[in-house]
Amino acid sequence: MVDFSVLAMPGVQALRPYEPGKPVATLERELGIRDVVKLASNENPLGPSPRAVAAIQAALDDLHIYPDGNSFALKEALANRHGLAPEQVILGNGSNEVLELVARTWLGQGRNAVFSQHAFAVYPLVVQAVSAEGRAADALPADAAQPFGHDLDAMFARVDADTRVVFVANPNNPTGTWVSAGALERFLAQVPAETLVVVDEAYAEYVEATDYPDTTQWVQRFPNLLVTRTFSKIHGLAGLRLGYAVSSSGVAELLNRVRQPFNVNSLAQTAGLAALADAEHVAESVRVNREGLAQVAAALGERSLEFIPSVGNFITFDVRQPPGPVYERLLHQGVIVRPVANYGLPTHLRVTIGTRGENDRFLAALDHALKA
Ligand SMILES: *Cc1c(COP(=O)(O)O)cnc(C)c1O
């Protein structure tokens, strides 16, 4: 018998796949229960933009036609949104694909990428999949102003001549921590011009902190900056897989060489265009999240459960015990949250902010799960 695992590329041999949040249908099937609430993947509790849904319905009759491989209309709309040229926009099958394109374009054996401890799990995966070295810089301590957040100085210290990419999640998932405009600007000025800095802003639209930077406005000043955004979170289109990045046109052009010609399907392009114009849905999503964050943070505080202050649409909290059984007891009450032991947070769980009713349901289930 041929052992194909030893024939795989070195990075792939040691790769452990991403563990997504448990789908509702899976839990309902496993436990024979109904009315499950999923607060495990930072999805929008309000659902998709109704305008996006209508746009998709109107586009269904054209499914036999290949999508526009250049996504002309959506790119133009995104370029307008950020005050950039369409050549500075690259679309992906989720922003996850853009991260992967970055790895395939600049990384491989003998090269490395730097990210933070407790950072989004996709960074080490895309780096390792191309057999490059992933370097995790120690995060800030638990008692810092941004507990478990990115330590940009520690990250800079890990950069060397073979570092082609640095990943900065702002805000970071699963910690919900963020870096300020001043700190990020200093970091970008420090990093060698040959090192691409990827700033992942998947949750940017939720952030209301005053010195949180919109780095899409910095790509003219920093030709080595690439900023990723997604339609999966605030726009509620996670199921369609649509994300994008903005950068200098030179960086975007290289990514376009690597991507497959029809990576973004026609329904995603149509829906993205409609969702982008739906300011009302975005504003309502921000409002519901603001209220929900306050609700859940206050409730965790009342229960003396420490949590990491978050500017995203999720909160990671410490159950001060092995979280596996707590997670399981939540599942049995029909509430799916996210264990984050694989992020180096062995006693924490992450919960997505839902509607008020969903948050109430989670909190009641949590009380039960912690008492048991
Ligand atoms: C959810 C998330 C994304 C978005 O991934 P998509 O592929 O666009 O759905 C990107 N980065 C972070 C940090 C996330 O949490």
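Here, the structure is the one placed above.
Residues numbered from 1 in each chain as written. Predicted model: local features only at pLDDT ≥ 70, side-chain atom pairs only at ≥ 80, totals over all residues. Heavy atoms only, no water.

Let us look at the overall build of the protein. Regarding its fold elements, the protein presents 14 helices and 13 strands. On C-alpha atoms alone, the protein measures out to a radius of gyration of 21 Å, which is about the 21 Å that the 2.2 N^0.38 rule sets for 372 residues. Overall size of the protein, expressed as C-alpha extent along the three principal axes, is 60 × 55 × 50 Å. Burial statistics for the protein: of 372 residues in total, 52% are counted as buried. Partitioning the contacts of the protein with sequence separation of at least 6, the portion at a separation of at least 24 is 73%. (Helix = DSSP H or I, 4+ residues; strand = E, 2+ residues; numbered from the N terminus. Rg over C-alpha atoms; globule rule 2.2 N^0.38 Å. Buried < 20%, exposed > 50% of the residue type's maximum accessible area, 1.4 Å probe, protein only. Contact = heavy atoms within 4.5 Å.)

On to the packing of helix H6 (residues 95-106) against helix H7 (residues 122-129), then. At a minimum axis distance of 9 Å, the contact between H6 and H7 shows a crossing angle of 40°. It follows that H6 is oblique to H7 by the angle criterion. Two packed elements cross with a definite hand, and for H6 against H7 that hand is right-handed. Side by side, H6 and H7 meet where Asn96, Leu99, Glu100 and Ala103 of the first sit next to Val122, Tyr123 and Val126 of the second. When grouped by side-chain class, the residues that make up the contact of H6 with H7 number five nonpolar, one polar and one charged. (Axes fitted to C-alpha atoms, helices over the stretch in contact; angles between N-to-C directions. Parallel < 35°, antiparallel > 145°, perpendicular 65-115°, else oblique. Left-handed = near helix turned anticlockwise from the far one by under 90°. Nonpolar A, V, L, I, M, F, W, Y, C, P; charged D, E, K, R; others polar.)

Moving on to the site of the ligand. The environment of the ligand is formed by Gly94, Ser95, Asn96, Phe120, Asn173, Asp200, Ala202, Tyr203, Thr230, Ser232, Lys233 and Arg241. Asparagine 173 is positioned such that a nitrogen or oxygen atom in its side chain is 2.7 Å from an oxygen atom of the ligand. Within the side chain of threonine 230, a nitrogen or oxygen atom sits 2.5 Å from an oxygen atom of the ligand. Within the complex, 92% of the 390 Å² of free accessible area of the ligand lies under protein. Along the lines of polarity and charge, the residues of the shell around the ligand split into three nonpolar, six polar and three charged. (Near = heavy atom within 4 Å. Polar contact = N/O pair within 3.5 Å; in protein donor to acceptor, adjacent residues only side chain to side chain. Areas by Shrake-Rupley, 256 points an atom, 1.4 Å probe, with all protein chains shown as cover.)

Let's shift gears to the sheet that holds strand S2 (residues 89-92). Ordered by their spatial adjacency, seven strands build an open sheet running S2-S8-S7-S6-S5-S3-S4, and the pairing between neighbours is mixed. Two strands bound the open sheet, and with one partner strand each, they are S2 and strand S4 (133-137). Averaged over neighbouring strand pairs, the angle between their axes works out to 20° when direction is ignored. (Pairing = 2+ DSSP bridges.)

This brings us to the sheet that holds strand S10 (residues 314-318). Here we have four strands laid out as an open sheet, ordered S9-S10-S13-S12, and antiparallel in their pairing. In this open sheet, the two strands that pair with only one neighbour each are strand S9 (307-308) and strand S12 (338-339). Pairing between S9 and S10: two bridges, direction antiparallel. Pairing of isoleucine 308 across the sheet is with threonine 316, part of S10. Helix H12 (residues 279-302) contacts S9, S10 and strand S13 (348-352) of the sheet and is inclined by roughly 10° relative to S10.

The next thing to look at is the side chain of threonine 195. With respect to the helices and strands, the residue threonine 195 is situated in the loop between helix H9 (181-190) and strand S6 (196-200). Excluding residues within four positions of it along the chain, threonine 195 makes contact with Val159, Thr163, Arg164, Val165, Val166 and Asn224.

Glancing now at the environment of valine 36. In this structure, valine 36 sits in the loop between helix H3 (24-31) and strand S1 (37-38). Residue classification places valine 36 among the buried positions, given a relative accessible area of 14%. For the pair valine 36 and alanine 25, spaced 11 residues apart in the sequence, the C-alpha separation amounts to 8.5 Å. Sequence-distant contacts of valine 36, that is, excluding residues within four places in its chain, are made with Val24, Leu27, Glu28, Gly334, Ile336 and Arg361.

Looking now at the packing of aromatic side chains. Throughout the structure, instances matching the rule amount to nine aromatic pairs. Relative to phenylalanine 167, the ring of tyrosine 123 has its centre 4.7 Å away and its plane inclined at 5°; by these criteria the two rings are stacked. Here tyrosine 123 is found in helix H7, whereas its partner phenylalanine 167 is found in strand S5 (residues 163-169), with 44 residues between them in sequence. On the basis of relative accessibility, which here comes to 0%, the residue tyrosine 123 falls in the buried class. Seen in terms of ring centroids, phenylalanine 231 and tyrosine 244 are 6.0 Å apart; in terms of plane orientation they differ by 50°. Their pairing is tilted. Note that phenylalanine 231 is positioned in the loop between strand S7 (225-230) and strand S8 (243-247) and tyrosine 244 in strand S8, a separation of 13 residues in sequence. Both residues of the pair, phenylalanine 231 and tyrosine 244, count as buried. Pairwise contacts between aromatic rings join Tyr18, Phe120, Tyr123 and Phe167 into one cluster. (Phe/Tyr/Trp six-rings, centres within 6.5 Å; stacked < 30°, edge-to-face > 60°.)

A word on the packing of helix H4 (residues 50-59) against helix H11 (residues 266-276). With their axes 8 Å apart at the nearest point, H4 and H11 run at an angle of 145° to one another. Judged by the twist between their axes, the crossing of H4 over H11 is right-handed. Residues Arg51, Ala52, Ala55, Ile56 and Ala59 of H4 pack against Leu267, Thr270, Ala271, Ala274 and Ala275 of H11. Classifying every residue of the contact of H4 with H11 by side-chain character gives eight nonpolar, one polar and one charged.

Once that is clear, we can look at the pattern of salt bridges. Considering all chains together, one arrives at 13 salt bridges under this definition. Between aspartate 367 and arginine 303 there is a salt bridge; the shortest N-O distance is 2.7 Å. Within this pair, whereas aspartate 367 is found in helix H14 (residues 356-371), its partner arginine 303 is found in the loop between H12 and S9, the two being separated by 64 residues in sequence. The class for aspartate 367 is partly exposed, based on a relative accessible area of 28%. (Salt bridge = Lys/Arg side-chain N within 4 Å of Asp/Glu carboxyl O.)

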